[in-house]
Amino acid sequence: MKRALHAEWTKMRTVAGPLWLLLGTVAATVSLSAVAASLANCTATGCGGDTAKLALVGVYLGQAPVAILGVLVIGGEYGSGMIRTTLAAMPRRTTVLTAKAVALTGSVAVGGTVAVLGAVLAGRLVLPDAGDRALSLSDGPTLRAVFGTVLYLILIGLLSLGVAAAVRDSATGIGVVLGLLYVVPIVSQTISDPGWRRLLEKMAPMTSGLAVQATTDLGSLPIGPWAGLGVTAGWAIATLLVGGLLLRTRDA
Amino acid sequence: MLRRTVGMSSLRTAGAPGIVVAGLRKRYGTALALDGMSFTVRPGVVTGLVGPNGAGKSTTMRVILGLDAVDEGTALIGGKPYRGLRHPLKHVGSLLDAAALHAGRSGRDHLLWLAHSQGLDARRVEQVIEQVGLTPAARRKAGGYSLGMRQRLGIAAALLGDPPIIMLDEPFNGMDPDGIVWMRGFLRSLAAQGRAVLVSSHLMSEVQDTADHLVVVGRGKAIADAGVADLIAAVSGDRVTVRTAAGAHAMRVLVRAGATVAATGRDTITVSGWPADRIATLLSQNAVPFSEVSAHRASLEDVYLELTREAVEFRAATHTEVSR
């Protein structure tokens, strides 16, 4: 396992793609959050809603490069045929997928932390004093929102890795993951029955997972912050299990 | 050149050294890809795996590497299945597809991750880069490599673990003449160091000067498994070619003496079942002029065509005659 992890980490750091994608996550997250903060309607008492959620809204966009990175970690090897070199060097396939997952987790944890802290800093700079107070990391719910958003990005990366291991193609993998993330919330807006809409928002990986960003009015959420992130984790675990099982049983 | 004693580590392990493939059977849907493929690859010998495209060469190699599963049969490396090897690149070095690289990663970094997967370090990477003559290009992105450079990089990867077994799928494909000469010498030197070398090709001419032993495959099984000299002798038969301007006269003399004779060209006849010296003596005694009496020697190309005639699955409809 140690050697497989060393190999996968060497792969990750010796091409330019992962670094650029993570920089993309930082840029997209910080800039969208800054724009959202500058449009907020703030008064002396507050910014008319959930300030932490507002400042972290950038991950809606910032998660896309993470998803692409997760897909490319294994999908790129299927595209070139290098997966056979990988599996000839490391015949234990579960170990290979685990090593890829760990290397991905480490990379996204670093990139995601920079992105999320950058978004908070942007919020503090752009929002007036009222927002400044709400965005303190010493505030329990805000810290949970920040930490939970980094975890959310890691889970999206892992979900993408699992999907790509199953579909064995980068373009298909990216399509499936982005569809899963962005199409479900759009579809849920067209559902008129509130019960069904709530259920869909509880089940979808993005709408449930981003409940972890909420710091006010928790009672009105379709699902609690940690429970919501748990749903996203369930998605990641399920796709990794399916992808891992298919990787073990199929010809390479 | 390698200064270390090669391959000793796994030759010492229990079980037969080299590769033993026994009774592989594999079905893709309705197509039978492997139909009882069996052969052995021995140390110190270059074994050529030859056969038409689609005969099962690449599938067999993927099975040996544990990449593809089979319905029946076993492929063992020094007595063990590949998937049970702890550091497989120290047992078998292989090159299946030289293009299977990340275009944005340098050749050196490609070897580096492979080395790390086996617990080897960057020093070993530098050694194999030098060994295959890739030093000037090693730090450039592999996407810009020519096919010949990719083949060299693939060979370097196969040598990384200093394995007693080397397996290459179509290593001559796309190589320029210089590269082919280099590859031949290289394969010979690997075998001379005591390694088992398995090389596949769909062109007999590519392996005839390199291989000592041939496994000819067709329709998913080995249809011949013998030394190069034995194979040629088997197909040549005991025919003798006589070149003479007096063909009719020569045939009359030979038939009267009891030989089986056929006119095979404007000035050549073929005699079966008689040694060349007896024919020459008989013709001289009867004053038949001739310019040549020689034992027919088949080329490996003939052997290949003879053996695979039945096994070629897709032959163009217009291609009815094979010129010799």
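Residues numbered from 1 in each chain as written. Chains lettered and ligands numbered in written order. Predicted model: local features only at pLDDT ≥ 70, side-chain atom pairs only at ≥ 80, totals over all residues. Heavy atoms only, no water.

Looking at an unreviewed UniProt entry, one finds chain A named ABC transporter permease subunit and attributed to Actinomadura violacea.

### Some words on the overall build of chain A
As a reminder of what qualifies: Here a strand is any run of E in DSSP of at least two residues, a helix any run of H or I of at least four, and the numbering for each starts at the N terminus. C-alpha atoms define the radius of gyration in this analysis, and the globule rule sets the expected value at 2.2 Å times the number of residues to the power 0.38. Using a 1.4 Å probe on the protein chains alone, a residue whose accessible area is under 20% of its type maximum counts as buried, one over 50% counts as exposed, and one in between counts as partly exposed. We call two residues contacting when some pair of their heavy atoms lies within 4.5 Å. Where accessible areas are quoted, they stem from the Shrake-Rupley method and a 1.4 Å probe; at the residue level, only the protein chains shown are allowed to cover. For the charge count, each Lys or Arg is scored as positive and each Asp or Glu as negative, with His and the chain ends excluded. In plain terms, the charge of a residue is placed at NZ if it is Lys, CZ if Arg, CG if Asp and CD if Glu.
In terms of helices and strands, chain A carries 12 helices and 0 strands. Reading chain A from its N terminus to its C terminus gives the helix and strand order α-α-α-α-α-α-α-α-α-α-α-α. Radius of gyration (C-alpha) of chain A: 19 Å, near the 18 Å computed for a compact globule of 252 residues. With the principal axes as the frame, chain A shows a C-alpha extent of 65 × 40 × 25 Å. Residues counted as buried form 50% of the 252 residues belonging to chain A. Taking all contacts inside chain A whose residues are at least 6 apart in sequence as the whole, residues at least 24 apart take part in 77%. Just so you have it, chain A exposes about 10,600 Å², and 70% of that area is on carbon and sulfur atoms. Looking at charge distribution, chain A has the averaged site of its 18 positive side-chain charges lying 13 Å from that of its 11 negative ones.

### What to know about the domain arrangement of chain B
Put simply, the test is: The domain limits used here are those given by an automatic or database domain assignment.
When cut into domains, chain B gives domain 1 (2–225) and domain 2 (238–295). A straight line from the C-alpha centre of domain 1 of chain B to that of domain 2 of chain B covers 48 Å.

### Focus on unusual backbone geometry
Despite not being glycine, A:Arg168 shows a phi value in the positive range, around 55 degrees. At B:Arg219, a residue that is not glycine, the phi angle is positive and equals roughly 50 degrees. Inspection of the secondary structure assignment puts B:Arg219 in the loop between β9 (213–218) and β10 (221–227). Residue B:Arg219 is classed as partly exposed on the basis of its relative accessible area of 44%.

### Examining the pairing of strand β13 (residues 268–272) of chain B
If a strand is regular, its side chains alternate between the two faces of the sheet. Residues and elements named next belong to chain B. Applied cut-off: Here, strands pair whenever DSSP counts at least two bridges between them.
Of all 5 residues in β13, 4 are buried, a share of seventy percent or more. Across 5 bridges, the pairing between strand β11 (residues 239–243) and β13 is antiparallel. Across the sheet, the residue bridging to Arg239 is Ser272, located in β13. Relative to β13, strand β12 (residues 260–263) is paired through 4 bridges, and the arrangement is antiparallel.

### Observations concerning the packing of aromatic side chains
The following threshold applies: Ring pairs shown here join Phe, Tyr and Trp side chains whose ring centres sit within 6.5 Å, with only the six-membered ring taken for Trp; geometry is labelled stacked below 30 degrees between planes, edge-to-face above 60, and tilted in between. Any Lys NZ or Arg CZ that is within 6 Å of a ring centre and within 35 degrees of that ring's normal is treated as a charge sitting over the ring.
This structure, assessed with the given rule, holds 1 aromatic pair over all chains. B:Arg184 extends its terminal NZ or CZ atom over the ring of B:Phe172, reaching a point 6.0 Å from the ring centre.

### Some points on the interface of chain B and chain A
Rules: By convention, the term buried area covers the 1.4 Å-probe accessible surface removed from two parts as they join, with the contributions of both added. Salt bridges are identified by distance alone: a Lys or Arg side-chain nitrogen within 4 Å of an Asp or Glu carboxyl oxygen. Side-chain atoms alone can form a polar contact between residues adjacent in sequence; in general such a contact is a pair of N or O atoms within 3.5 Å, and within protein one must be able to donate a hydrogen while the other accepts it. Throughout this entry, Asp, Glu, Lys and Arg are counted as charged residues, while Ala, Val, Leu, Ile, Met, Phe, Trp, Tyr, Cys and Pro are counted as nonpolar. The remaining residues, Gly among them, count as polar.
Contact with chain B, which involves 29 residues of that partner, is made by 24 residues of chain A. Among the residues of chain B in contact with chain A, B:Leu67, B:Trp113 and B:His116 are the three that bury the most area, contributing 29% of the side total. Summed over the shared surface of chain B and chain A, the result is 1 salt bridge. The shortest N-O distance in the salt bridge between B:Lys26 and A:Asp251 comes to 2.7 Å. Inspection of the chain B/chain A interface yields 12 residue pairs in polar contact (both at pLDDT 80 or more). Broken down by secondary-structure element, the contributors of at least two residues to the side of chain B that touches chain A are β1 (19–28) and α3 (107–117) of chain B. With 7 residues, α3(B) is the largest single contributor of residues to the side of chain B that touches chain A. Looking at the side of chain B that touches chain A residue by residue, the classes come out as 13 nonpolar, 9 polar and 7 charged.

### Observations concerning the sheet that holds strand β3 (residues 46–50) of chain B
One key point about sheets: their strands pair by backbone hydrogen bonds, in either a parallel or an antiparallel sense. All names here are of chain B. Defined as follows: To define axes, lines are fitted to C-alpha atoms, for helices over the stretch in contact only, and angles between the resulting N-to-C directions are given on a 0 to 180 degree scale.
Ordered by their spatial adjacency, 6 strands build an open sheet running β6-β7-β8-β3-β9-β10, and the pairing between neighbours is mixed. Bordering the open sheet on either side are β6 (92–95) and β10, each of which pairs with just one other strand. In this sheet, adjacent strand axes meet at a mean angle of 15 degrees when their direction is disregarded. Both β9 and β10 contribute to a ladder of 6 bridges, which runs antiparallel. Residue pairing in the sheet places Leu214 in a bridge with Ala226 of β10.

### Some remarks on the packing of helix α4 (residues 59–80) of chain A against helix α8 (residues 140–167) of chain A
For any two helices packed against each other, one specifies the crossing angle of their axes together with the interaxial distance. All names here are of chain A. For the record, the criterion: Here is the rule for handedness: rotate from the far helix to the near one, and if that takes an anticlockwise turn smaller than a right angle the crossing is left-handed, while a clockwise turn gives right-handed.
With their axes 7 Å apart at the nearest point, α4 and α8 run at an angle of 35 degrees to one another. The hand of the α4/α8 crossing is right-handed. On α8, the residues touching Val59, Gly62, Gln63, Val66, Ala67, Gly70, Val71, Val73, Ile74 and Gly75 of α4 are Thr149, Tyr152, Leu153, Ile156, Gly157, Ser160, Leu161, Ala164 and Ala165.

### A short note on the UniProt feature "transmembrane region" (unreviewed entry) in chain A
Residues and elements named next belong to chain A. For clarity, the cut-off: UniProt positions are given in the numbering used here, feature names are shortened, and annotations may be inferred rather than shown by experiment.
UniProt marks residues 54–76, 97–125, 145–167, 174–192 and 226–247 with the feature "transmembrane region" (unreviewed entry), using the numbering shown here. Along residues 174–192 the backbone is 89% helical and 0% strand, and the end-to-end C-alpha distance reaches 29 Å. Taken as a whole, residues 226–247 contains 100% helix and 0% strand, while its terminal C-alpha atoms sit 31 Å from one another.

### Some words on the sheet that holds β13(B)
All names here are of chain B. Within the open sheet, the 4 strands sit side by side as β12-β13-β11-β14. Their pairing is antiparallel. Each end of this open sheet is capped by a strand with a single partner; those strands are β12 and β14 (292–295). Along the sheet, successive strands turn relative to each other by an average axial angle of 20 degrees, direction set aside. On top of the sheet, helix α9 (residues 247–256) reaches β12 and β13; it is set at about 160 degrees to β12, its chief contact.

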